[in-house]
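The primary structure of each chain is shown beneath.
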Amino acid sequence: MPNLVPWLLFAHAIVAIVAFGPTYVYPLIGSMGAKEPQHSLFGLKLSAAISDRVVIPLAVVQGITGVLLIIGRPWNLADPSGRWLISGIVLYVIAFGFATGVQRKRVRTLVAMLESRPADAPAGPPPAPALALVGSIRQGGNILSVLITLIVLDRKSTRLNSVTCQNLVCRLLLEKK
């Protein structure tokens, strides 16, 4: 398995970029939907589709590659240089649970609310309950953005202070076996 570690690390990094990169576009889609309410349902469904078809499945792959990396290159979690891994796992589990258990349900509820509006409803902003739900989805998105950023910064802070070359991701990828 040690020969697979550089490939797993590469896959782990690429999956992180592809999985979580689109999440930073959700606020743009939401603000454009707010400016053009007639298209807000489309923007909401687009965000939900990206989440359901790209972000969540790749977040699962992210967890799998992370576990395989831990198995392939055993970490001493008692050592201070391994503390980032414990905090990263905890933050990942919190972010994944919140995204799939809370945010996903809120978005589906909002889609159902907007789809149930009568076709002859006057143009304008959605009803007050929908606007309240939009606010909670926005707050949840901010929380998730902070969690993802903390995961990345936590690892980078220990990598920048690393003493050995083995702990540097780039050097591990370039290491000749």
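Keep in mind the model is a prediction, meaning the values are calculated, not measured. (Residues numbered from 1 in each chain as written. Predicted model: local features only at pLDDT ≥ 70, side-chain atom pairs only at ≥ 80, totals over all residues. Heavy atoms only, no water.)

*Asks:* Hey, could you run me through the packing of helix α2 (residues 26–35) against helix α3 (residues 40–72) in this one?
*Replies:* Axis separation between α2 and α3 bottoms out at 8 Å; the angle between their running directions is 165°. Taken together, the axes of α2 and α3 lie roughly antiparallel to each other. Crossing handedness for the pair α2 and α3: left-handed. Between α2, through Tyr-26, Ile-29 and Gly-33, and α3, the contact on the second element is made entirely by Ser-40, Gly-43, Leu-46, Ser-47, Ile-50, Ser-51 and Val-55. (Axes fitted to C-alpha atoms, helices over the stretch in contact; angles between N-to-C directions. Helix = DSSP H or I, 4+ residues; strand = E, 2+ residues; numbered from the N terminus. Parallel < 35°, antiparallel > 145°, perpendicular 65-115°, else oblique. Left-handed = near helix turned anticlockwise from the far one by under 90°. Contact = heavy atoms within 4.5 Å.)

*Asks:* Please clarify how the side chain of Ser-47 should be interpreted in this entry.
*Replies:* For Ser-47, the location among the structural elements is in helix α3. According to the relative accessible area criterion, Ser-47 is buried, its value standing at 12%. Apart from residues lying up to four places away in sequence, Ser-47 is in contact with Tyr-26 and Ile-29. (Buried < 20%, exposed > 50% of the residue type's maximum accessible area, 1.4 Å probe, protein only.)

*Asks:* Would you mind going over helix α1 (residues 5–20) with me for this structure?
*Replies:* A turn of α-helix holds 3.6 residues, and therefore any two residues three or four places apart point the same way. Over its 16 residues, α1 extends 22 Å from the first C-alpha to the last, a length consistent with the 22 Å expected when each residue adds 1.5 Å. Among the residues of α1, Val-5, Pro-6, Leu-8, Leu-9, Val-15, Ala-19 and Phe-20 are the ones counted as buried. (Expected span 1.5 Å × (residues − 1).)

*Asks:* Any chance you could explain the nonpolar core here in plain terms?
*Replies:* As a rule of thumb, nonpolar side chains are buried together in soluble globular proteins. With nine residues, the main nonpolar core is built from Leu-44, Ala-48, Val-107, Leu-110, Val-111, Leu-114, Ala-130, Leu-133 and Ile-137. Going through the elements one at a time, α3, α4 (83–115) and α5 (128–160) are the ones with two or more residues in this core. Ranked by residue count, the leading element in this core is α4, at four residues. Ignoring sequence-local partners within four residues, the contact set of Leu-110 consists of Leu-44, Ala-130, Leu-133, Val-134 and Ile-137. (Core = buried A, V, L, I, M, F, W, Y, C linked by side-chain atoms within 4.5 Å.)

*Asks:* Which parts of the structure should I look at to understand the confidence of the model for the protein chain?
*Replies:* The predicted coordinates ought not to be read in detail in places where the model reports low pLDDT. On average, residues of the protein chain score 81 in pLDDT, and 84% of them are at 70 or above. Predicted confidence in the protein chain is weakest over helix α6 (residues 169–174), with a mean pLDDT of 51, and strongest over α3, with 92. This stretch, residues 158–168, has a pLDDT under 50; its non-local contacts, to residues over four places away or in other chains, come to eleven contacts. (pLDDT = per-residue confidence, 0-100.)

*Asks:* What should I look at first to understand a nonpolar patch on the surface in this one?
*Replies:* On the surface, Leu-4, Trp-7, Phe-10, Ile-14, Ile-17 and Val-18 cluster together to form a nonpolar patch covering roughly 640 Å² of accessible area. When you line up the elements, Ile-17 lands in helix α1. On the basis of relative accessibility, which here comes to 59%, the residue Ile-17 falls in the exposed class. (Patch = residues over 30% accessible without salt bridge, like charges linked within 9 Å, V, L, I, M, F, W, Y side chains within 5 Å. Areas by Shrake-Rupley, 256 points an atom, 1.4 Å probe, with all protein chains shown as cover. Salt bridge = Lys/Arg side-chain N within 4 Å of Asp/Glu carboxyl O.)

*Asks:* Got a minute to help me understand the packing of aromatic side chains in this structure?
*Replies:* Pairs of aromatic rings are described using the distance from one ring centre to the other and the angle between the two planes. Counted under the stated rule, the structure contains one aromatic pair. Plain terms: the ring middles of Tyr-92 and Phe-96 are 6.0 Å apart, the flat faces sit at 20° to each other, and that makes the pair stacked. Here Tyr-92 and its partner Phe-96 are both found in helix α4, four residues apart, which amounts to about one turn of the helix. Residue classification places Tyr-92 among the partly exposed positions, given a relative accessible area of 23%. (Phe/Tyr/Trp six-rings, centres within 6.5 Å; stacked < 30°, edge-to-face > 60°.)

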